[in-house]
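Residue-level structure breakdown
Here are the chains, one letter per residue:
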Amino acid sequence: GGHVLIYLVPRFRVENLIIPAYIWTVGVACISFILFSHFEIFTWRRSLNICTISMLSSIVNINEAVLLAKKEIRRYNILNILPVFITVIGLAASIFLYQSDSIYGYFYPLYGAYAISVFVSFFYAGKYIRISTSAGVFDDIDIALKYGMGYQIFELLQLLNFRLYF
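Residues numbered from 1 in each chain as written. Predicted model: local features only at pLDDT ≥ 70, side-chain atom pairs only at ≥ 80, totals over all residues. Heavy atoms only, no water.

Turning next to the packing of helix α4 (residues 73-97) against helix α5 (residues 104-125). Contact geometry of α4 with α5 gives a least axis separation of 8 Å together with a crossing angle of 155°. Here α4 is positioned roughly antiparallel relative to α5, judged by the angle of their axes. Crossing hand, α4 versus α5: right-handed. For the pair α4 and α5, the contacting residues are Arg 75, Ile 78, Leu 79, Leu 82, Pro 83, Ile 86, Thr 87, Gly 90, Leu 91 and Ser 94 in the first and Gly 105, Tyr 106, Pro 109, Leu 110, Gly 112, Ala 113, Tyr 114, Ile 116, Ser 117, Val 120, Ser 121 and Tyr 124 in the second. Split into classes, the residues belonging to the contact of α4 with α5 amount to 14 nonpolar, seven polar and one charged. (Axes fitted to C-alpha atoms, helices over the stretch in contact; angles between N-to-C directions. Helix = DSSP H or I, 4+ residues; strand = E, 2+ residues; numbered from the N terminus. Parallel < 35°, antiparallel > 145°, perpendicular 65-115°, else oblique. Left-handed = near helix turned anticlockwise from the far one by under 90°. Contact = heavy atoms within 4.5 Å. Nonpolar A, V, L, I, M, F, W, Y, C, P; charged D, E, K, R; others polar.)

Shown next, in the form of structure tokens:
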């Protein structure tokens with residue numbers, strides 16, 4: 001996914017780009033959960049929560065990139081604000097109504113925020129996604145990998161630049 005989708009979506013079929021991105025997102029979430037569990041960084045329950053919320057956030061980001069590439073700026077902005085707004089309301093309710101002082105008072109509003117955001121993002125981006133059995137989903141994967149890898153190298157160099165700058 002990521003910002004490279006904004007460049008590629010106008011040039012290729014949307015489903016040829018986002019289906020591999022969804023598969024990658026689920027794969028990374030599963031691998032992250034396994035690594036978190038193996039190295040006992042967090043408890044298995046907390047690891048599962050972190051990886052699930054991260055996966056939901058990534059799916060929203062993929063759909064946001066499609067909307068931005070299709071110049072649906074208003075809907076893109078709504079999807080950016082929606083999880084923050086719902087999380088703040090849920091967190092306030094958790095703290096003030098339920099007097100929750102655990103991390104799960106934050107996790108549950110995040111689950112709600114991103115579950116709603118995933119639904120809304122599919123509703124908004126769904127008109128650009130045409131999945132069929134003969135879609136040839138992995139036809140453009142080499143081009144997506146080429147541009148995606150280039151973008152990742154650029155992001156790494158930018159991160160190193162910022163680190164060396166400060």
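Don't stop here, the text continues.
Moving on: the confidence of the model for the protein chain. Per-residue confidence for the protein chain gives a mean pLDDT of 86; residues scoring 70 or more make up 87%. Averaged pLDDT values over the elements of the protein chain bottom out at 72 in helix α6 (residues 141-165) and peak at 95 in α4. (pLDDT = per-residue confidence, 0-100.)

To continue, consider the side chain of Ser 117. Relative to the helices and strands, Ser 117 is located in helix α5. Residue Ser 117 is classed as buried on the basis of its relative accessible area of 0%. Polar side-chain contacts of Ser 117 include one of 2.8 Å to the backbone oxygen of Ala 113. Once residues within four sequence positions are removed from consideration, Ser 117 is found in contact with Val 60, Leu 79, Leu 82 and Pro 83. (Buried < 20%, exposed > 50% of the residue type's maximum accessible area, 1.4 Å probe, protein only. Polar contact = N/O pair within 3.5 Å; in protein donor to acceptor, adjacent residues only side chain to side chain.)

What follows concerns the pattern of salt bridges. Taken as a whole and judged by the stated rule, the model has three salt bridges. For Arg 75, the salt bridge is made with Glu 72, and the minimal N-O distance between the two is 3.9 Å. For the salt bridge of Lys 127 with Glu 72, the shortest nitrogen-to-oxygen distance reads 3.1 Å. Here the residue Lys 127 occupies a position in the loop between α5 and α6, and Glu 72 occupies one in the loop between α3 (44-69) and α4, the gap between them amounting to 55 residues. For Lys 127, a relative accessible area of 41% gives the class partly exposed. Because the salt bridges share partners, they merge into one network encompassing Glu 72, Arg 75 and Lys 127. (Salt bridge = Lys/Arg side-chain N within 4 Å of Asp/Glu carboxyl O.)

As for its placement among the helices and strands, Leu 68 is situated in helix α3. According to the relative accessible area criterion, Leu 68 is partly exposed, its value standing at 23%. Considered as a pair, Leu 68 and His 3 are 65 residues apart in the sequence and their alpha carbons are 9.5 Å apart.

A general feature of soluble globular proteins is that nonpolar side chains tend to end up buried together. Within the largest apolar cluster, 32 residues are counted, with the highest numbers of intra-cluster contacts made by Val 9, Val 14, Ile 18 and Val 66. Elements represented by at least two residues in this core include exactly α1 (4-8), α2 (14-38), α3, α4 and α5. Beyond its immediate sequence surroundings of up to four residues, Ile 18 is in contact with Ile 62, Val 66 and Ile 129. (Core = buried A, V, L, I, M, F, W, Y, C linked by side-chain atoms within 4.5 Å.)

Of the residues examined, Glu 72 reaches a relative accessible area of 17% and is grouped as buried. Of note is the side chain of Glu 72, whose polar atom sits 3.1 Å from the side chain of Lys 127. Beyond its immediate chain neighbours, meaning those up to four positions away, Glu 72 contacts Leu 67, Lys 127 and Tyr 128.

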